[in-house]
Number of protein chains: 2
Amino acid sequence: MSGAKRQTRKPRPEGLSRIQEMNRAKILDAALGQFSRYGYSGTTIEKISGEAGMSKSNLLYYFASKPDIYEAVLEHILDVWLAPLRSLDPEGDPAAELSAYIRQKLQMSAERPEASRLFANEVMQGAPRIRRVLEEDLKGLVAEKSEVIRHWMAAGKIRQTDPVHLIFLIWAMTQHYADFQTQIEVLTGRTLQDPDFRKGAEEAVIAMVLSGLGLVPKDR
Amino acid sequence: MSGAKRQTRKPRPEGLSRIQEMNRAKILDAALGQFSRYGYSGTTIEKISGEAGMSKSNLLYYFASKPDIYEAVLEHILDVWLAPLRSLDPEGDPAAELSAYIRQKLQMSAERPEASRLFANEVMQGAPRIRRVLEEDLKGLVAEKSEVIRHWMAAGKIRQTDPVHLIFLIWAMTQHYADFQTQIEVLTGRTLQDPDFRKGAEEAVIAMVLSGLGLVPKDR
DNA sequence: CGTCTTCTTGACCGTTTGGTCAGGTTTCGT
DNA sequence: ACGAAACCTGACCAAACGGTCAAGAAGACG
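Residues numbered from 1 in each chain as written. Chains lettered and ligands numbered in written order. Predicted model: local features only at pLDDT ≥ 70, side-chain atom pairs only at ≥ 80, totals over all residues. Heavy atoms only, no water.

Caption draft 1: Highlighting helix α9 (residues 181-188) of chain A. With six of eight residues buried, α9 of chain A is to be regarded as a mostly interior element. Within the span of α9 of chain A, buried status applies to Q181, T182, Q183, I184, V186 and L187 of chain A. Looking at the buried residues of α9 of chain A, the elements they touch are α6 (113-124), α8 (163-179) and α10 (195-212) of chain A together with α6 (113-124), α7 (131-154) and α8 (163-179) of chain B. At the C-terminal side of α9 of chain A, G189 of chain A shows a positive phi close to 80°. (Buried < 20%, exposed > 50% of the residue type's maximum accessible area, 1.4 Å probe, protein only. Helix = DSSP H or I, 4+ residues; strand = E, 2+ residues; numbered from the N terminus. Contact = heavy atoms within 4.5 Å.)

In structure tokens:
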């Protein structure tokens, strides 16, 4: 061997390379589509890799195992999914705040129905992988926002109701349009993607919630 | 061959034998539990047979294949699942009829949450096996009951709303308590099985729906 | 009681699936 | 341009799964 100077390259400066960032994003996107449509067990990593435009082996170069991919997708979604509730403002007008919240939730159901379905799927199976998040993050968040609602009730701004049930019912109504999209489309021929239908859904949900709280929804 | 008289037995009189009836029931029950918890692909026939207390081979003696079992379970459930809507009476008082409907739906969510989850699972995956039922039976049923609601609106008994959205929202709110049972239990420590919690849910849903229709829910 | 039918099982088979591995190709800093 | 990382792939493997089959056990009826 010659004693010539060994040129070495910094092993990994920090963060992700362009290629990694791009491929991980493609994988997570494809995985969301598959997991939300076919469930965890119904999805194969080969299908995901195909959808992402790469070989199965290459996918396993980026994520060590199938559960790893699933958890990455879930984590990637959860923050976005819970964001609207976080922004419920105690100082705002109840009718305006709740209307905005409902609109945001419906917007997410319209724009990212797969995320809603994946979340629903996970919870329906007993939430084995996000139990901790529910217990630690969501539980606190719900308690905090329940207090906001209770505060509005105490101030006489809305009718007496159980805040937790109110939150559950808003989740139920808004997520239903994403989770049961197929059924809705079969029955009506439309989905939230249709602007008219989306407006109809918004008005129906908002009217029901506001009048349920003794707030007359303003006519247009 | 001797010419002795062959004693033969009637091959199969009619209907199912006691043993068949019992085992088919055990299988369908076990299958519902598994399919609703783990989804179609996440369920193995070996697990089902184990839960039903028999060997895998024996299960396959009663049902020819996995899809066969799944469809049998689904069919077995669908009638029961849609029954409450059928009984919505045009001649009755809107507040009483809708309250009763909501109570029935919540009762089913409380007593048969697995059925609700299986149905939700099927629809979320695009309803590949019950599309026909949705298109042919449910679509007609929804159209018929929408007409009932429209009739109530025309008679000035309830406020103007889109009947189809109303039906969707009632489904959403009532089924949510079954489908998201895990989440609800994590957040509140309770489920519909708890009588107090169930009463709270009933009141919350009924109050919201009735006031949304301009009907003041009667205090107690 | 004898015999035909129904019921039940363990052994077995082909396919699918998650994951490994050795080796080739591309990228990139120097 | 060069060499070391980073990136990518096809071949391969073990486990799990849906389903078949031959043969025994239990049940029912004359």
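Caption draft 2: Region of interest: the pattern of salt bridges. Scanning the entire structure with this criterion turns up 14 salt bridges over all chains. With a closest N to O distance of 3.9 Å, E135 of chain A and R131 of chain A form a salt bridge. In this pair, E135 of chain A and R131 of chain A both sit in helix α7 (residues 131-154), four residues apart, roughly one turn of the helix. Owing to a relative accessible area of 34%, R131 of chain A belongs among the partly exposed residues under this scheme. The salt bridge involving E136 of chain B is made with R132 of chain B; its shortest N-O contact spans 4.0 Å. Of this pair, E136 of chain B and R132 of chain B both sit in helix α7, four residues apart, which is roughly one turn of that helix. We note that E136 of chain B, like R132 of chain B, is exposed. Where salt bridges share partners, they join R103, R198 and E202 of chain A into one cluster. (Salt bridge = Lys/Arg side-chain N within 4 Å of Asp/Glu carboxyl O.)

Caption draft 3: Here's a closer look at the interface of chain A and chain B. Contacts between the two partners involve 50 residues from chain A and, on the opposite side, 50 residues from chain B. Looking only at chain A, the three residues that lose the most surface to chain B are M124, L187 and M208 of chain A, adding up to 17% of its buried area. Every element with two or more residues in the side of chain A that touches chain B is listed here: α1 (18-42), α6, α7, α8, α9 and α10 of chain A. Residue contributions to the side of chain A that touches chain B peak at 12 residues, all from α8 of chain A. Split by residue class, the side of chain A that touches chain B holds 27 nonpolar, 16 polar and seven charged. (Buried area = accessible area lost by both parts, 1.4 Å probe. Nonpolar A, V, L, I, M, F, W, Y, C, P; charged D, E, K, R; others polar.)

Caption draft 4: Here's a closer look at the environment of P163 of chain B. Residue and element names in this part refer to chain B. Tracing the chain through its elements places P163 in helix α8. The class for P163 is buried, based on a relative accessible area of 2%. Distance in space between the C-alpha atoms of P163 and M153 is 9.4 Å, their sequence separation being 10 residues. Excluding residues that lie within four positions of it along the chain, P163 makes contacts with S146, I149, R150 and M153.

Caption draft 5: Summary view of the relation of the copies chain A and chain B. When chain A is fitted to chain B, the residual RMSD is 0.1 Å, and the transformation amounts to a turn of 180° plus an axial shift of 0.0 Å. One copy is carried onto the other by what is essentially a two-fold rotation axis. In this assembly, 100% of the residues forming the interface of chain A have copies in chain B that are likewise at the interface, indicating an isologous arrangement. (Least-squares fit on C-alpha atoms with pLDDT ≥ 70 in both.)

Caption draft 6: Representation of the side chain of T182 of chain B in the model. Position of T182 of chain B relative to the elements: it lies in helix α9 (residues 181-188). On the basis of relative accessible area, T182 of chain B is assigned to the buried category, the value being 14%. When residues no more than four places from it in sequence are discounted, the contact partners of T182 of chain B are V123, G126, A127 and R131 of chain A.

Caption draft 7: Focus on the UniProt feature "DNA-binding region" (unreviewed entry) in chain A. Here, UniProt's "DNA-binding region" (unreviewed entry) annotation points to residues 44-63 of chain A. End-to-end, the C-alpha atoms of residues 44-63 of chain A are 14 Å apart, and along that stretch the chain is 75% helix and 0% strand. (UniProt positions renumbered as here; feature names shortened; annotations may be inferred.)

Caption draft 8: Layout of the nonpolar core. In this structure, Y177 of chain A together with Y177 of chain B are the most contacted members of the largest nonpolar core, which totals 145 residues. Residues contacting Y177 of chain B, with those up to four places away along its chain left out, are H165, F168 and L169 of chain A together with L106, I184, L192, F197, A201 and V205 of chain B. (Core = buried A, V, L, I, M, F, W, Y, C linked by side-chain atoms within 4.5 Å.)

Caption draft 9: Representation of the side chain of S49 of chain B in the model. Tracing the chain through its elements places S49 of chain B in helix α2 (residues 45-51). What S49 of chain B contacts, discounting residues up to four positions off in sequence, is M54, S55, K56 and L59 of chain B.

Caption draft 10: Main features of the packing of α8 of chain B against helix α10 (residues 195-212) of chain B. Residue and element names in this part refer to chain B. Relative to each other, α8 and α10 sit at 165°, their axes nearing to 11 Å. The orientation of α8 relative to α10 falls into the category roughly antiparallel. Both α8 and α10 take part in a crossing whose hand is right-handed. Taking contact as the criterion, the partners of L166, I170, M173 and Y177 in α8 are, on α10, F197, A201, V205, M208 and V209. (Axes fitted to C-alpha atoms, helices over the stretch in contact; angles between N-to-C directions. Parallel < 35°, antiparallel > 145°, perpendicular 65-115°, else oblique. Left-handed = near helix turned anticlockwise from the far one by under 90°.)

Caption draft 11: Representation of a negative patch on the surface within the structure. Residues and elements named next belong to chain A. There is a patch of like negative charges on the surface, built from D68, E71, E75, D79 and D137. Among the elements that make up the negative patch, the one with the highest residue count is helix α4 (residues 66-86) (four residues). Here E75 is to be found in helix α4. A relative accessible area of 61% means that E75 is categorised as exposed. (Patch = residues over 30% accessible without salt bridge, like charges linked within 9 Å, V, L, I, M, F, W, Y side chains within 5 Å. Areas by Shrake-Rupley, 256 points an atom, 1.4 Å probe, with all protein chains shown as cover. Lys, Arg positive; Asp, Glu negative; His and termini not counted. Charge placed at Lys NZ, Arg CZ, Asp CG, Glu CD.)

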